Every structure is written in structure tokens, then in C-alpha cells.
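Results of the structural survey
So the chains spell out like this:
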Amino acid sequence: MDRIKPSNLNIPLTMPRQVMAASAPQRTGGKKTHPGKAILAGGIAGGIEICITFPTEYVKTQLQLDERSSKPMYKGPIHCAKHTVQNHGVRGLYRGLSPLLYGSVPKSAVRFGANEFLKTQWRTRHDGSLSKTGSLFCGLGAGVSEAILAVTPMETVKVKFINDQTSAKPKYRGFLHGVKEIVKQQGIRGTYQGLTATIMKQGSNQAIRFFVMDSLREWYRGNDPNKNINPLITAAFGGFAGACSVFGNTPLDVIKTRMQGLEASKYKNTWHCATQIMKNEGPRAFYKGTVPRLSRVCLDVAIVFVIYDEVLKVLNKVWKTE
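Each value, and the rule that gives it
- Residues numbered from 1 in each chain as written.
- Predicted model: local features only at pLDDT ≥ 70, side-chain atom pairs only at ≥ 80, totals over all residues.
- Heavy atoms only, no water.
- Core = buried A, V, L, I, M, F, W, Y, C linked by side-chain atoms within 4.5 Å.
- Buried < 20%, exposed > 50% of the residue type's maximum accessible area, 1.4 Å probe, protein only.
- Helix = DSSP H or I, 4+ residues; strand = E, 2+ residues; numbered from the N terminus.
- Contact = heavy atoms within 4.5 Å.
- Axes fitted to C-alpha atoms, helices over the stretch in contact; angles between N-to-C directions.
- Left-handed = near helix turned anticlockwise from the far one by under 90°.
- Nonpolar A, V, L, I, M, F, W, Y, C, P; charged D, E, K, R; others polar.
- Parallel < 35°, antiparallel > 145°, perpendicular 65-115°, else oblique.
- Salt bridge = Lys/Arg side-chain N within 4 Å of Asp/Glu carboxyl O.
- Phe/Tyr/Trp six-rings, centres within 6.5 Å; stacked < 30°, edge-to-face > 60°.
- pLDDT = per-residue confidence, 0-100.

So, about the nonpolar core. If you look at the biggest cluster of nonpolar residues, it comprises 23 residues, and the most contacted ones within it are Ala 41, Phe 112, Phe 305 and Tyr 308. Every element with two or more residues in this core is listed here: helix H3 (35-65), helix H5 (97-125), helix H8 (195-221), helix H9 (231-260) and helix H11 (290-318). The dominant element in this core, judged by the number of residues it contributes, is H11, at 10 residues. In contact with Ala 41, other than residues within four places in its own chain, are Tyr 308, Val 311, Leu 312 and Leu 315. Membership of the second largest hydrophobic core comes to 12 residues, among which are Phe 54, Tyr 58, Leu 97 and Ile 162.

Here is the structure:
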């Protein structure tokens, strides 16, 4: 009996690339979410989160405004918090909450809504798949959108409120009065100080966070894109994503804060602000407030993603979409 040689069977020894690609699980970036649901869930998550984490945001901003060129008022985050409570009571840690609360809902709504909208557009143009590059750019787009539509005016008013409290004679009596005075003295442009720095900060923030979250979720779910993730796991992923963004762009956050403070007029532009900080305070000044910001952002991102996912579960039951 003749031996059958492999060459006679005409069987390819290697699989065509098309077959190999088809056999590999498609990267979709997780479950598809209707942008409308993302907007609603994001808004709810943002409102709850800011009420929990604002004291750390207050301390971070105070430390960043405590410039090294003058005599430092605070020795560190604990001393800052203690000093504030002694002089203004516990409510002092919540000074400036109102503009942030009013802005946090639309900020998170725009962030998650824009991210899901951009993901949908990316999948449409790439046969239903979402690459890591796509995840990064969708996050970047979400950050730029929230910077222009919500974050810049909200952050400007917040920083001015907190900065005003440190002055000998505070001039802002409340949110509406503060906004009225800022617009009266500086016009609408007064609420858009530091726009370039804010776009750079928020764009890099969300690019890093959504990229890390999408990557971790994909790793956890493996070949099942519809696999549910325990809220504690989501919180851990969110905290890690938040930490990555802090170490990646704290210098931009410091520049943004200076550009939005009461003494912002002494800076010609974002670049001038950066060079003045380097010249007068040294490179370490670009990482002022890192510890309180790290604690706040990790908690912030963890809470927001957990609440966002849980609200989506409820919306998916009552709001049926394709």
C-alpha cells in the first residue's frame, strides 16, 4: 500500500490570515450602550460622586493655590484640612461645592454620552470593532467635549470661590452672587480662563481613564463581552484608572488651577504660567497637591464607574434599545 504524502492531499499547512482573524474574538470595547442612557446614568453618577469627594478637592485646590513664592500657609493636606475646620468649621471644607455640584451633573453626562457616541461612530466605521487606539481617541474626545461644554466654566468659578475664602475680606456671598460678580468684572471670558489647559487636562484624563477601564474590562471578560463584572471589581479598576491619570497629568492640573485663580491676570497664557511656575518655584511645584488629588481622583473614578454601571443596569430594564 502506497504511503499518502501530505503533498498529495493538497491540504494547506497554515491557515489563511482571514480565517485566523475570524476565529479570534472581536474586540468591541464591551457592551454597546445607547448614548441617551450614558448621558442619564453619567449625570446621576456625577452628582452623587461630587457630594462624597468634595472635601479632598477643596484641600487639593488650596495647596495648589498656596504658592511657594510667598510664605506658605499650609504644611500639608492634613494641616490644610485642620486649619480650615478650625477657622471655618466643617462647612468650610464644602465652600465652593455649589458650582461644582451644578456642573458635575452635566460634566459627567457629557463625558459618558460623548464617549459612547464616539465609540458607536468608531464601531460603525470599523466593522463593529473597537481597537485600543479607538478606545484612547474616544476617551480623548469625551474629555475635550466636557472641557468645553462644562468643566472650564465650572472649575473657574470653583477655584475663584475657594481662592476667595483665603482672602482677608471674602467678596463672594454665594454661587449666584459669585458668578454675577465674575461676569460683571471680567465678562463671559472670565468663566473660561485656562480653557487650553483644561482641554489638555480633561482630554488626557479621560483618554487615560477610558483606555485603562476598557482594557481591564476586556481582560476580565475574556471571550465573553457580555460577562457581568462585580461592582467591587469595577471599583478596583476605576481606582487604578484614576491613579494612572493623576500621575500622567498633575502638572496640567496645577497650571489649570493657577490660570483660574484670583491672580490669573498675572499670567499671559498657559505657556507663560508654566514657565513662571518653573522659574519661581521649581519643577516640584508641578506636583503640588498630588496626594490629596490622588485620593480624591481614585475614589472619584471608582465611585463614578460603579454608580454608572449600576444605573445602566436599571435603565436597561426599563428603557429597551437595540
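This part is about the packing of H5 against H8. Remark: H5 packs on H8, axes separated minimally by 12 Å, with the N-to-C direction vectors making an angle of 65°. Relative to H8, the crossing made by H5 is right-handed. Here Arg 111, Phe 112, Asn 115 and Lys 119 of H5 lie close against H8, whose contacting residues are Gln 206, Phe 210 and Asp 214. Along the lines of polarity and charge, the residues of the contact of H5 with H8 split into two nonpolar, two polar and three charged.

A separate point is the packing of H9 against helix H10 (residues 270-281). Two numbers describe how H9 lies on H10: the axes approach to 10 Å, and their chain directions differ by 105°. The angle between H9 and H10 places the two elements in the roughly perpendicular class. The segment H9 lies against H10, with Val 254, Ile 255, Arg 258 and Met 259 engaging Thr 270, Cys 273, Ala 274, Ile 277 and Glu 281. Of the residues in the contact of H9 with H10, the class split is six nonpolar, one polar and two charged.

Another point: the pattern of salt bridges. This model, assessed by the stated rule, comprises 11 salt bridges. Its salt-bridge partner being Lys 132, residue Glu 218 comes within 3.6 Å of it at the nearest N-O pair. One end of the pair, Glu 218, is in helix H8; the other, Lys 132, is in helix H6 (residues 132-165), and 86 residues separate them in sequence. Classification of Lys 132 by relative accessible area gives partly exposed; the value is 41%. In this structure, Lys 201 engages Asp 253 in a salt bridge whose closest nitrogen and oxygen atoms are separated by 2.9 Å. Of the two residues, Lys 201 sits in helix H8 while Asp 253 sits in helix H9, which places them 52 residues apart along the sequence. Residue Lys 201 is classed as buried on the basis of its relative accessible area of 5%.

One pass over the structure, following the stated rule, counts seven aromatic pairs. Summarising the aromatic geometry, the rings of Phe 112 and Tyr 308 are spaced 4.1 Å apart at their centres and angled 20° between planes, so their arrangement reads as stacked. Residue Phe 112 is located in helix H5, and its partner Tyr 308 is located in helix H11; the two are separated by 196 residues in the primary sequence. Owing to a relative accessible area of 3%, Tyr 308 belongs among the buried residues under this scheme. Each ring, one from Phe 210 and one from Phe 305, has its centre 5.8 Å from the other, and the planes form 80°; the classification is edge-to-face.

With respect to the helices, strands and loops of the structure, Thr 61 is situated in helix H3. Given a relative accessible area of 0%, Thr 61 falls into the buried group. Those residues within four positions of Thr 61 in sequence are excluded, and the remaining contacts are Lys 158, Val 159, Ile 162 and Thr 257.

With that settled, the discussion passes to the confidence of the model for the protein chain. Residues at a pLDDT of 70 or more form 89% of the protein chain, whose mean pLDDT is 84. At the level of individual helices and strands, the protein chain shows its lowest average pLDDT in helix H2 (residues 17-23), which scores 45, and its highest in H8, which scores 92. Per-residue pLDDT stays below 50 along residues 17-24; that stretch engages in one contact with residues further than four places along the chain or on separate chains.

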